[in-house]
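# Examination of the molecular architecture
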Amino acid sequence: MNVLVYGAGQLAQMMYLAAVPLGIKLRAVDVKTNTIVDPVSKQTLALSIEEAIEQADVLTVEFEHVPEDLLEQAHQSGKLMPSIASIQAGADRVLEKQALTKLAIANCEHLIVTQVEQLEEAVEKLGEKLIVKSSRDGYDGYGQWRLSSKEQLPELQSELSKLDLEKVPLIVETMVPFDRELSLIGVRNQSGEVRCYPLAENLHHQGQLHVSVAPAPTVSAELNAQAQQAFTKLANEFDYVGVLAVEFFQVGDALLVNEIAPRVHNSGHWSMQGADTSQFENHIRAITDLPLGNTDANGKSAMINIIGCDDYSEDLLSIRNCHLHVYGKSVRPKRKMGHINLTGDSFQSLAEVMTTLAKYLPLNHFPKLLGEADKLSDIKE
Ligand code: AMP
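Numbers given for residues are sequential positions, taken from 1 along each chain in its written order. Per-residue local features are limited, in this predicted model, to residues with pLDDT of at least 70; the limit for side-chain atom pairs, both in listing and counting, is 80 or more; totals at the level of whole chains, interfaces and linings are taken over all residues. Side-chain numbers come from the whole structure's heavy atoms, not from hydrogens or water.

So, on to helix H6 (residues 118-126). Exposure classes here rest on a 1.4 Å probe applied to the protein chains alone. A residue is buried below 20% of its type maximum, exposed above 50%, and partly exposed in between. Numbered from the N terminus, helices here are DSSP runs of H or I no shorter than four residues, and strands are runs of E no shorter than two. For H6, every residue scored as buried is listed here: Leu119, Ala122, Val123 and Leu126. Along H6, the residues classed as buried sweep out an arc of 100 degrees about the axis, all on the same side. Away from its buried face, by an angle of more than 90 degrees, H6 presents the exposed residues Glu124 and Lys125. The criterion used for residue contact is that any of the two residues' heavy atoms lie within 4.5 Å. Where H6 is buried, its residues touch strand E6 (110-113), strand E7 (130-134), strand E8 (144-147), helix H7 (153-160) and strand E9 (170-174). Where H6 ends, the next residue or the one after it, Gly127, has phi of about 95 degrees, a positive value. Each direction from the helix axis to a C-beta atom contributes to the arc, which is the arc of those directions.

Here's what the structure looks like:
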């Protein structure tokens, strides 16, 4: 079996690493250069995109922002999984909100805005605490603006008037006072079977994911059912094949969908050490029509993102239940350089590993680590 993945970053690399033991070969399309590359060495292969498509049994994506012409070409081959509609909905917040509304899945109150003047109407309808998101090409907090009072509106309008909102509308959302952020990673295969990982709790800093803990502490059966129901509705709607991530805000006993990602997801990286089958392996299994793997967690896990630095001590590998995953990129501010997976039998033992790990890291780049270790050590199981 041959898989061709659009995007040649760390997600393609980790898919590759999961595909090897299954005897599956994986190549990547570098969408910046329109070349075919090896997703680990990043070396260019002497192959056109057309030839690579021809030689592949399945095409998939590691990110949703694949240029339209390439995505259409992939779709036309009849080999693309997940479906083009799901990838487009993941890339365009207008399509995403339309799908959520159609399926009656609770999400943040919002308005679609195509003229800066409409922001005044948004303040009237949604209140003055708002988050404004570009409907396309935004990620990790980029393409987002916050309004905390009406007085800031003229300044925001003048900044947003530089954009072509007819072409790329804005989504204006109420700033939700959520209790926490959760995500559900699940997988659906070609015959419609769905398996979900346990919910993960996600800690963000400046719009970026820093820490995930899975299974999320104190999740009621009811909350879990809500998440799985939303996941299944979305996956069935798109006749989805592969791993899909759904991000939620928890507000009291309710879940609101924040966004969906039609791919393996950063908040599922814990599954590499913390679950029977990792999200990467299950994605490969689903798209190549192999039986799905068990998604149960083995104990408790945390995933710590390494962001914008590489000056940690590799001696962290001496810590029991601690695994390093490096993506091989040069350092830039806010760039995801790798992640560290931790496991434990209980939240207390996980907290102990986290506290030990902190000694090996430049803590200014890991602002959530010690606070989370404290929180986990207080959980009564
Ligand atoms: P997004 O790119 O939509 O995932 O947004 C990035 C982060 O901004 C989220 O993980 C939240 O921490 C925060 N955020 C996004 N939308 C909202 C909202 N409507 N209310 C409160 N916080 C939000």
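Pairing of aromatic rings covers Phe, Tyr and Trp, the last counted by its six-membered ring, and requires centre-to-centre distances within 6.5 Å; plane angles under 30 degrees mean stacked, over 60 mean edge-to-face, and any other angle means tilted. Following the criterion strictly, the structure yields two aromatic pairs and no others. Ring centres of Phe178 and Phe249 lie 4.6 Å apart, and the angle between their planes is 5 degrees; this geometry places the pair in the stacked category. Here the residue Phe178 occupies a position in the loop between E9 and strand E10 (180-188), and Phe249 occupies one in strand E14 (residues 242-251), the gap between them amounting to 71 residues. Judged by relative accessible area, Phe178 falls into the partly exposed class, the value being 33%. On the basis of relative accessibility, which here comes to 8%, the residue Phe249 falls in the buried class. Ring plane angle 90 degrees and centroid distance 6.0 Å describe the contact between Tyr197 and Trp270, whose orientation is recorded as edge-to-face. Taken as a pair, Tyr197 in the loop between strand E11 (194-196) and strand E12 (200-205) and Trp270 in the loop between strand E15 (254-261) and helix H9 (271-274) lie far apart in primary sequence, 73 residues in all. Of the two residues examined, Tyr197 and Trp270, each falls in the buried class.

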